[in-house]
Amino acid sequence: MTHTPLPLRMTRYDPARNMARFYALSLEPTLFGEVMLVRNWGRIGTRGQVLTQTFAQADEATEALNTLHRQKARKGYRALASQ
């Protein structure tokens, strides 16, 4: 059985550049048995933009989520503590 990661919310702050951004990732089931990776990003305090990508297998979606998490961490985004 595959472990489905919890929704992930990351932030990036840079006061010198007036930057306050968020990036959120989550996996959601579809009505057709697939898994959808939901990406939401933008300036903190806004709804931001949303992009979805559908995968046939949960493992593929999890790997895509983990890849995006690593990419954003390299750019300075930090995960928020679990609530």
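Data block above holds the structure.
Residues numbered from 1 in each chain as written. Predicted model: local features only at pLDDT ≥ 70, side-chain atom pairs only at ≥ 80, totals over all residues. Heavy atoms only, no water.

Caption draft 1: Geometry of the overall build of the protein chain. Counting its secondary structure elements, the protein chain contains one helix and five strands. When the elements of the protein chain are put in sequence order from the N terminus, they spell out β-β-β-β-α-β. Taken along its principal axes, the extent of the C-alpha atoms in the protein chain is 45 × 25 × 20 Å. Put simply, 36% of the contacts in the protein chain that link residues at least 6 apart link residues at least 24 apart. For the protein chain, the exposed surface amounts to about 6,000 Å²; the carbon and sulfur share of it is 52%. When the 12 positive and 6 negative side-chain charges of the protein chain are each reduced to one mean point, those points stand 16 Å apart. (Helix = DSSP H or I, 4+ residues; strand = E, 2+ residues; numbered from the N terminus. Contact = heavy atoms within 4.5 Å. Areas by Shrake-Rupley, 256 points an atom, 1.4 Å probe, with all protein chains shown as cover. Lys, Arg positive; Asp, Glu negative; His and termini not counted. Charge placed at Lys NZ, Arg CZ, Asp CG, Glu CD.)

Caption draft 2: Spatial organisation of the pattern of salt bridges. Overall, the coordinates contain one salt bridge when judged by the stated rule. Arg70 serves as the salt-bridge partner of Glu63, at 3.4 Å between the closest nitrogen and oxygen. Taking relative accessible area as the criterion, Arg70 reaches 42% and is therefore assigned partly exposed. (Salt bridge = Lys/Arg side-chain N within 4 Å of Asp/Glu carboxyl O. Buried < 20%, exposed > 50% of the residue type's maximum accessible area, 1.4 Å probe, protein only.)

Caption draft 3: Region of the structure containing the packing of aromatic side chains. By the definition in use, this model includes two aromatic pairs. Taken together, a centroid distance of 6.1 Å and an interplanar angle of 20 degrees make the contact between Tyr23 and Trp41 stacked. Here Tyr23, found in strand S2 (residues 19-29), pairs with Trp41, found in strand S3 (residues 35-43); they are 18 residues apart in sequence, far enough to count as distant. Given the relative accessible area of 4%, Tyr23 is considered buried. Look at Tyr23 and Tyr77: their rings are 6.2 Å apart centre to centre, the planes differ by 70 degrees, and that puts the pair in the edge-to-face class. Here Tyr77 lies in the loop between helix H1 (58-74) and strand S5 (78-79) and Tyr23 lies in strand S2, a separation of 54 residues in the sequence. Three or more aromatic residues joined by ring pairs form one cluster here, namely Tyr23, Trp41 and Tyr77. (Phe/Tyr/Trp six-rings, centres within 6.5 Å; stacked < 30°, edge-to-face > 60°.)

Caption draft 4: Molecular detail of the nonpolar core. One finds Met10, Tyr23, Leu25, Leu27 and Leu37 to be the most contacted residues of the largest nonpolar core, which totals 13 residues. Setting aside its immediate chain neighbours within four residues, Tyr23 contacts Leu8, Arg9, Met10, Arg39, Asn40, Trp41, Leu68, Lys72 and Tyr77. (Core = buried A, V, L, I, M, F, W, Y, C linked by side-chain atoms within 4.5 Å.)

Caption draft 5: Structural view of the sheet that holds strand S4 (residues 49-55). Pairing in this open sheet of five strands is antiparallel, and the strands run S4-S3-S2-S1-S5 from one edge to the other. Each edge of the sheet is formed by a strand with only one pairing partner; in this case those strands are S4 and S5. This element, H1, spans strand S1 (8-14), S2, S3, S4 and S5 of the sheet and lies at about 170 degrees to S2. (Pairing = 2+ DSSP bridges. Axes fitted to C-alpha atoms, helices over the stretch in contact; angles between N-to-C directions.)

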